[in-house]
Structures are given as structure tokens and as C-alpha cells.
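Chain and residue survey
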Amino acid sequence: MKHGHAPGVWLGIESSCDESTVALFDPARGLIGEWISSQIALHGEYGGVVPELAVREHLKNFPILLAEASEHPDWPSVREIAVTTGPGLAGCLALGLSAAKAIALALEIPMAGVNHLRAHAWSPFIALHAAGPDSFQKRLGRLLPHAGLLVSGGNTALFVIHANRWIELLGGTIDDAAGEALDKGAKLLGLGYPGGPQVELLAREGDATAFDFPRALPNRGDLNFSFSGLKTSLRYRVAGLEDGEVLNRRCDLCASYQAAVLDVLVRKSMFAIEQSGARSLGLSGGVANNRALRDRLAALAEQKHVEFLPAQPRHTGDNAGMIAFAGWTDPAPRPADPLGWTIAPSLALDASPT
Ligand code: KG4
């Protein structure tokens, strides 16, 4: 157990975008319940998340999910709430935060606002905790400092979790996120959304050296990312090929394009390990599901003699499990008034929740 938290179960609530999700986390056992209602199919019809619709869906889903969670035998042991306060869609965040405040008032328990990006940063440690809750703090201590790569549809970041658990941002994207680059590349190749998984599948059948795509910002000292030049390069390649040729060479195009994205991610992760003296390397966010990326980072970790901690697939997307876990483990400062939390739609990875 950590820094003054009451013993007992944490209730996690996450509503920042298009998943309504609730979780119960027991620091003595790990995650003991996770409930999720995804809106992906609904928004898919519009080609992206429609905030107004997302809020209405959350409004419909949360009472159902919370009713299910309250049936859990450990619900009476809930002693603290962790809720995402940002970043995310303002209306969606406000709805989750209001629900959390109402439950905190009704149960007369404290609540903690959680930075969604920091929850991703901590997500690789969920499995480590679950494997041995009693020895977690000791094992965590041996894995810090930790270099982490967070790659999703909206974010790309390299950061360090220092020995005192504070998070320092080392670099981020100056234009597209890694997942966004894969999604936009997939669109140029006529593949559906989200494109990352489809690019990965076709890439397995292709030759990664068939096309030469640019790798941006290769300098050792610069841990920022840029993927817009790569995307433009693919656009020109595709424009220069006949329609039939694009289809015939789709696997090679996917393999070469994916390799360009992965090369940059792996190379910068190596610099991050070297700069920070990290003892472990983490991988989180939706693109963490990419097997080629996982394999390459596992190989890098081995070469650098650091432990590789990829987030489990069910904790790579929006999920309340990682929110509850971060509420417990991330030492962010809290407002004096336990109900004084407010939403922060543009919160950065290295900022405390508000
Ligand atoms: O974390 P996440 O659910 O998203 C948001 O930021 O909303 O991640 C979604 C992103 C999408 O860009 C998707 O293409 C990418 O993760 N993704 C993948 C794979 N699975 C999901 N990219 C590459 N390979 C995959 N297997």
C-alpha cells in the first residue's frame, strides 16, 4: 500500500473519448473487475468520434456499467475513486467526473483525478503488480528509472519515470502521432479505419526494403518525432504508381511504410534508454498491439540489458483499469478540496491532473 491511501478497493472511471469504462482495483490483489462499453461501431459510421454523440452514449452507458460494478462482491470495500480529468473531450470528461463526484459524495470517500496519459505511462506495470502485489513496490524500485514509449492514435511520447516516480517528458511528436501516421498511410492505400492493424497484417507478407521512405529527425540528441514527411512521401509514391500496381504492391508498400515508422520509434527509444540510464523499457497505447514493434523493442531491451514491459493488450486502449492503477501508484498532487477536481481537456503527459 502506498503514501497514505486508505486500505480498500479503488473504483476507476474513464470517459475521456469513446469508451465508457469502469474498473475495480485492489492494491492487495490487482484488478478484480473491468467493465467496458465501446462506441467504436457507432462513430465508425461518421468516420471519427462525434463528441455530442459520445456524451449521450456515456450518459446511457455509465449507469449500466456502474450498476454491474456495484453487484461485485468487493463493491462494499470501495474506499477511493480514480477518475480521468484529462486530456480528452470536454463533455465526455465532465460526465465521468460528475459521476465520480456523485459517488464520492454518496459513499463519503475521497477521489483522485488522473492524467489519462500518465495512466498509459503506468499501464505496463499493471501486470507486474498483479504477478506479486506484496513485492510490487520493491520490484518497481529496481525497474526505475524507466524509459517509456507511448504510441496511440492521438499521442506519441517518450518519457522517463524517475526513481521518485516523477515523469519527465523527453520527446513528443511535432505533427502526426505514430498511430495517426499508420491510419493516414492505410487510407492512402485504400485500407479501412483504424489502419494500423491492417497495415501490420499486409506488412507481414511484404518486403520492407522494397520502397525507401524517409526517417525524420535521426539525431541522437533529439527525441521528438515527425511523421508528416513520411505520409507525404507515401502520397507521392502512390500517385506515381498505376492503380493496379498500388494494389499489387500493397504488401511491399505496407511493409516499407511500417518499417519507416518503427525504425524511428525503436531508434529514439534506444536514445531514451541511453540518456536516462533506464533499467526498464515500457510500451503503451494502441500501437503497442503491433507485434513487429513489440518484437523490435524486446530485442532492443535485451541488447541494452533492460527489462521490457509492454502493456497487456486490454490495457492499451482507453480503460478504467489503468486509471484506477495510476490513481493508486502515481504520486500526483491533489487539490485541498477532495471535490475540487476539474476537467483539463488539453492536459500534457508531464502535467499533474487538475
Ligand atoms: O490508444 P488508441 O486506442 O487510441 C487513440 O489514441 O484513440 O490507439 C488506436 C491507434 C490507432 O491509430 C490504430 O491504428 C493503432 O492504435 N493500432 C495499431 C495496431 N492496433 C491498433 N497500429 C499498428 N499495429 C496494430 N496492431
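The structure contained in this document is the topic of the report that follows. These figures come from a predicted structure and were not determined experimentally.

1. Thoughts on the sheet that holds strand β7 (residues 156–161)
One open sheet holds the five strands; their spatial order is β8-β7-β6-β9-β10, and the pairing between them is mixed. Only two strands of the sheet have a single neighbouring strand rather than two, namely β8 (167–172) and β10 (307–310). Put simply, the sheet's adjacent strands are angled 20° from each other on average, direction ignored. One ladder, built from six bridges, connects strand β6 (residues 146–151) with β7; its direction is antiparallel.

2. Brief notes about the pairing of β7
Counting buried positions along β7 gives six out of six residues, so the element sits mostly inside the fold. Burial along β7 is two-sided: the face carrying Thr156, Leu158 and Val160 and the face carrying Ala157, Phe159 and Ile161 are both buried. Counted along the chain from β6 to the antiparallel partner β7, the turn is four residues long. As judged from the five bridges shared by β7 and β8, these two strands associate in the antiparallel manner.

3. Some thoughts on the site of the ligand
By nearness alone, 16 residues border the ligand, and Gly153, Asp183, Gly196, Glu200 and Gly286 come closest of all. Backbone polar atom of Gly154 to an oxygen atom of the ligand: 3.1 Å apart, as the coordinates give it. Separating an oxygen atom of the ligand from a backbone N or O atom of Gly286 is a distance of 3.1 Å. Look at the ligand: alone it shows 560 Å² of surface, and the protein chains cover 79% of it. Elements represented by at least two residues in the shell around the ligand include exactly α7 (178–188) and α8 (195–203). Taken together, the residues of the shell around the ligand break down into four nonpolar, 10 polar and two charged.

4. Some points on the packing of helix α11 (residues 250–276) against helix α12 (residues 291–303)
α12 packs onto α11 with a crossing angle of 30° between their chain directions and a minimal axis gap of 10 Å. Taken together, the axes of α11 and α12 are roughly parallel relative to one another. The way α11 lies across α12 gives a crossing that is right-handed. Listed contacts from α12 to Gln258, Ala259, Leu262, Asp263, Leu265, Val266, Ser269, Met270 and Ile273 of α11 are Ala292, Leu293, Arg296, Leu297 and Leu300. Grouping the amino acids of the contact of α11 with α12 by side-chain chemistry returns 10 nonpolar, two polar and two charged.

5. Looking at the packing of α7 against α11
With their axes 10 Å apart at the nearest point, α7 and α11 run at an angle of 170° to one another. Between α7 and α11, the interaxial angle falls into the category roughly antiparallel. Only Tyr257, Gln258, Val261 and Leu265 of α11 make contact with α7, whose side of the interface consists of Ala178, Ala181, Leu182 and Gly185. Class assignment for the residues of the contact of α7 with α11 results in six nonpolar, two polar and no charged.

6. A short note on unusual backbone geometry
A cis amide bond, omega -10°, links Gly86 with the succeeding residue Pro87. Position of Pro87 relative to the elements: it lies in the loop between β4 (78–86) and α3 (90–107). In this model, Leu144 is joined to Pro145 through a cis peptide bond whose omega is 0°. Turning to its location among the elements, Pro145 is positioned in the loop between α6 (136–143) and β6. Positive phi, normally seen in glycine, also occurs at Glu108, with a value near 55°. Along the chain, Glu108 turns up in the loop between α3 and β5 (111–115). Owing to a relative accessible area of 72%, Glu108 belongs among the exposed residues under this scheme. In this model, His305 sits at a positive phi of 60°, which is unusual for a non-glycine residue. Mapped onto the fold, His305 is located in the loop between α12 and β10. Residue classification places His305 among the exposed positions, given a relative accessible area of 74%.

Definitions and cut-offs
- Residues numbered from 1 in each chain as written.
- Predicted model: local features only at pLDDT ≥ 70, side-chain atom pairs only at ≥ 80, totals over all residues.
- Heavy atoms only, no water.
- Pairing = 2+ DSSP bridges.
- Helix = DSSP H or I, 4+ residues; strand = E, 2+ residues; numbered from the N terminus.
- Axes fitted to C-alpha atoms, helices over the stretch in contact; angles between N-to-C directions.
- Buried < 20%, exposed > 50% of the residue type's maximum accessible area, 1.4 Å probe, protein only.
- Near = heavy atom within 4 Å.
- Polar contact = N/O pair within 3.5 Å; in protein donor to acceptor, adjacent residues only side chain to side chain.
- Areas by Shrake-Rupley, 256 points an atom, 1.4 Å probe, with all protein chains shown as cover.
- Nonpolar A, V, L, I, M, F, W, Y, C, P; charged D, E, K, R; others polar.
- Parallel < 35°, antiparallel > 145°, perpendicular 65-115°, else oblique.
- Left-handed = near helix turned anticlockwise from the far one by under 90°.
- Contact = heavy atoms within 4.5 Å.

No statement about biological role is implied by the geometric values presented.
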